[in-house]
Amino acid sequence: MKSKHIKPLLAASLFSLAPMATIAAVTPDLAAQAAAEYRTMARYPEWSQPVSGALADPLLAGREATVQTQAGPAGAGPALSVWASDIRYSTGDTAYFYASLAERTASSVNLLAPAPRSAAGPWAVTGELVDNNGQQLAMLSYRDDGKDGDQQAGDGVYTASYVLPATHQPDIGSAKNIAIKVTAVNADQDQRVALGGFLYSQPGAQLTGEYRDRLSEGSLVIAAKVDVAVAGRYHLAGVLASALGESLSLSQNAVHLEPGSHWVDLSFYGLILREAGVSGPYTLSSVTLTTAGAMPNALGPVVTAAHVTKPYLNVQFTDKPFARADLLDAATRLEGLVKR
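Rules of the game
Residues numbered from 1 in each chain as written. Predicted model: local features only at pLDDT ≥ 70, side-chain atom pairs only at ≥ 80, totals over all residues. Heavy atoms only, no water. Helix = DSSP H or I, 4+ residues; strand = E, 2+ residues; numbered from the N terminus. Contact = heavy atoms within 4.5 Å. Pairing = 2+ DSSP bridges. Axes fitted to C-alpha atoms, helices over the stretch in contact; angles between N-to-C directions. Buried < 20%, exposed > 50% of the residue type's maximum accessible area, 1.4 Å probe, protein only. Polar contact = N/O pair within 3.5 Å; in protein donor to acceptor, adjacent residues only side chain to side chain. Core = buried A, V, L, I, M, F, W, Y, C linked by side-chain atoms within 4.5 Å. Salt bridge = Lys/Arg side-chain N within 4 Å of Asp/Glu carboxyl O.

Engineer: Any details on the environment of G280? Residues and values, ideally.
Structural biologist: If you trace the backbone, G280 turns up in the loop between α4 (270–276) and β17 (283–291). Expressed as a C-alpha distance, the spacing of G280 and L313, which sit 33 residues apart in the sequence, is 6.1 Å. Leave out the neighbours within four places in its chain, and G280 touches K310, P311 and Y312.

Engineer: Explain the sheet that holds strand β9 (residues 157–163) residue by residue, including any values.
Structural biologist: If you trace the 4 strands from one edge of the open sheet to the other, you get β3-β4-β6-β9, paired in antiparallel fashion. Edge positions in the sheet fall to β3 (68–70) and β9, since each of these pairs with one other strand and no more. Neighbour to neighbour, the strand axes of the sheet diverge by 20 degrees on average, direction disregarded. As defined by bridge partners, strand β4 (residues 79–84) adjoins strand β6 (residues 94–102) across 6 bridges and the pair is classed as antiparallel. Within the sheet, the bridge partner assigned to L80 lies in β6 and is L101.

Engineer: Tell me what's going on with the pairing of β4, and back it up with residues and numbers.
Structural biologist: Looking down a regular strand, the side chains alternate between one sheet face and the other. Burial of β4 is extensive: 5 of the 6 residues sit out of reach of the surface. The pairing of β3 with β4 spans 3 bridges and is antiparallel. Its bridge partner lying in β4, Q68 is registered against V82.

Engineer: Just give me the short version of the environment of T183, but keep the residues and values in it.
Structural biologist: Mapped onto the elements of the fold, T183 is located in strand β10 (residues 174–186). Each C-alpha atom of the pair T183 and G127 lies 6.2 Å from the other, and the pair is 56 residues apart in sequence. Aside from chain neighbours lying at most four places away, what touches T183 is A124, V125, T126, Q191, R192 and V193.

Engineer: Tell me what's going on with the environment of L195, and back it up with residues and numbers.
Structural biologist: Its place among the elements puts L195 in strand β11 (residues 191–202). Taking the relative accessible area as the measure of exposure, L195 reaches 55% and is therefore exposed. Spatially, the C-alpha atoms of L195 and Q68 are 6.8 Å apart, while their sequence positions differ by 127 residues. Every residue in contact with L195, bar those within four places of it in the chain, is listed here: Q68, V82, I180 and K181.

Engineer: Residue-level account of the sheet that holds strand β16 (residues 260–268), with values.
Structural biologist: Here we have 3 strands laid out as an open sheet, ordered β12-β13-β16, and antiparallel in their pairing. Because the sheet does not close on itself, it has two edges, and the strands there are β12 (205–216) and β16. Between one strand and the next, the sheet's axes are offset by a mean angle of 25 degrees, whatever the strand orientation. Relative to β16, strand β13 (residues 219–228) is paired through 9 bridges, and the arrangement is antiparallel. If you follow I222 over to β16, its bridge partner there is L266.

Engineer: Got a sec to walk through the side chain of T318? Specific residues and values, please.
Structural biologist: Relative to the assigned elements, T318 resides in the loop between β19 (303–308) and α5 (325–339). Judged by its relative accessible area of 15%, T318 is buried.

Engineer: Any chance you could break down the pairing of strand β8 (residues 136–141) for me, citing the residues and the numbers?
Structural biologist: Summarising the sheet, strand β7 (residues 123–131) and β8 pair through 5 bridges and their orientation is antiparallel. Each bridged residue has a counterpart across the sheet, and for L129 the counterpart in β8 is A138. From the end of β7 to the start of β8, which pair antiparallel, there are 4 residues, and G134 there has a positive phi angle of about 85 degrees.

Engineer: Describe in detail the side chain of R88, supporting the description with residues and values.
Structural biologist: Position of R88 among the secondary structure elements: in strand β5 (residues 88–89). Here R88 falls in the buried class, since its relative accessible area comes to 5%. Reaching out from R88, the side chain makes a polar contact with the side chain of S90 at a distance of 2.7 Å. At 3.0 Å, the side chain of R88 and the backbone oxygen of L299 are in polar contact. Setting aside residues no more than four positions away along its own chain, R88 makes contact with R63, D93, L199, S201, P203, L299, G300 and P301.

Engineer: An account of the nonpolar core is requested, with residue identities and associated values reported.
Structural biologist: Across soluble globular proteins, you tend to see nonpolar side chains buried next to one another. Counting 26 residues, the largest nonpolar core has F97, L129 and Y142 as the members making the most contacts within it. Elements that contribute at least two residues to this core include exactly β4, β6, β7, β8, β9, β10 and β11. The residues contacting Y142, other than those within four sequence positions of it, are F97, Y98, A99, V125, T126, G127, Y158, T159, A160, I180 and V182. Core analysis: the next-biggest nonpolar cluster, separate from the first, contains 24 residues, V228, V255, Y282 and L289 among them.

Engineer: Now, about the pattern of salt bridges: what can you tell me, with residues and values included?
Structural biologist: One pass over the structure, following the stated rule, counts 9 salt bridges. Between E210 and K225 there is a salt bridge whose closest N-O contact spans 3.7 Å. Of this pair, E210 sits in strand β12 while K225 sits in strand β13; the two residues are 15 residues apart in sequence, bridging distant segments of the chain. With a relative accessible area of 39%, E210 lands in the partly exposed category. Of the charged contacts in the structure, one is a salt bridge between D326 and R324, with a shortest N-O distance of 2.8 Å. Accessibility expressed as a relative area gives 36% for D326, which makes it partly exposed. Salt bridges sharing partners connect three or more residues here, namely R143, D145 and D148.

Given below as structure tokens:
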């Protein structure tokens, strides 16, 4: 099994390493600020970064479905908003799709233009699912009657559901984008159309639900057991949280795996836990396995509250900065530009 650490999902800096001369030319203060930030970032490896407990879990935040909104002709209200219950599904999953119609907000109105007529309901809402080759998968009827997945009758949120069929599934280890065109029509034949979508994903490996943890070279390592169906490159990511649910660190690992069962490590750099001043037990609050051999990547589900570790003391972890050489070198060069 070959392993290679990769860059974290969270952006660690507002500056790139490339335009140092440009930064210094704009203002010495900006260059000095960038250098200081590089030195802070250099305290931790790229594969394990701290997460502020005040922030949302970065893995869960990255999986939140995006709401797409489209107004009527010339900006007429109401606008149609559409979204899905997840950004990815696999064969056999039940996908839920939502739609709502609401008037424009004041900030979206052009005050110099005549106000367009606002169309009245009730609305009939339908959706067309189309794959990335333009092939229609299904036509859906949305409902707002509190049945078949609709949470509350008459609340203005229309719901449709669809079970992902094997007949249109991607090859194992791959994924494809599915678009959903949502159309709302009222009795006056006023029409609103908005586009949404999701990823139809067939990962080449699965998390088994088995985990184990250990202390290694001053860091906390949580190993996840995975079952691999097809050889390929896989990306494991997880968030470690305190017993109170505060996010502490994001760890990632990219590995090449052959078919079979394997243990894959997530290493949470010890300095992060020591500086947090929080002892264990810790919780692997979220973890996900992605098949990363082709675009789009085949995303696996995010598993929450996956594992609770042994009760490590925070003083057991290293107090030494990682000292990333690339970032320290960048900081030194920036500081040299400021002194010129």
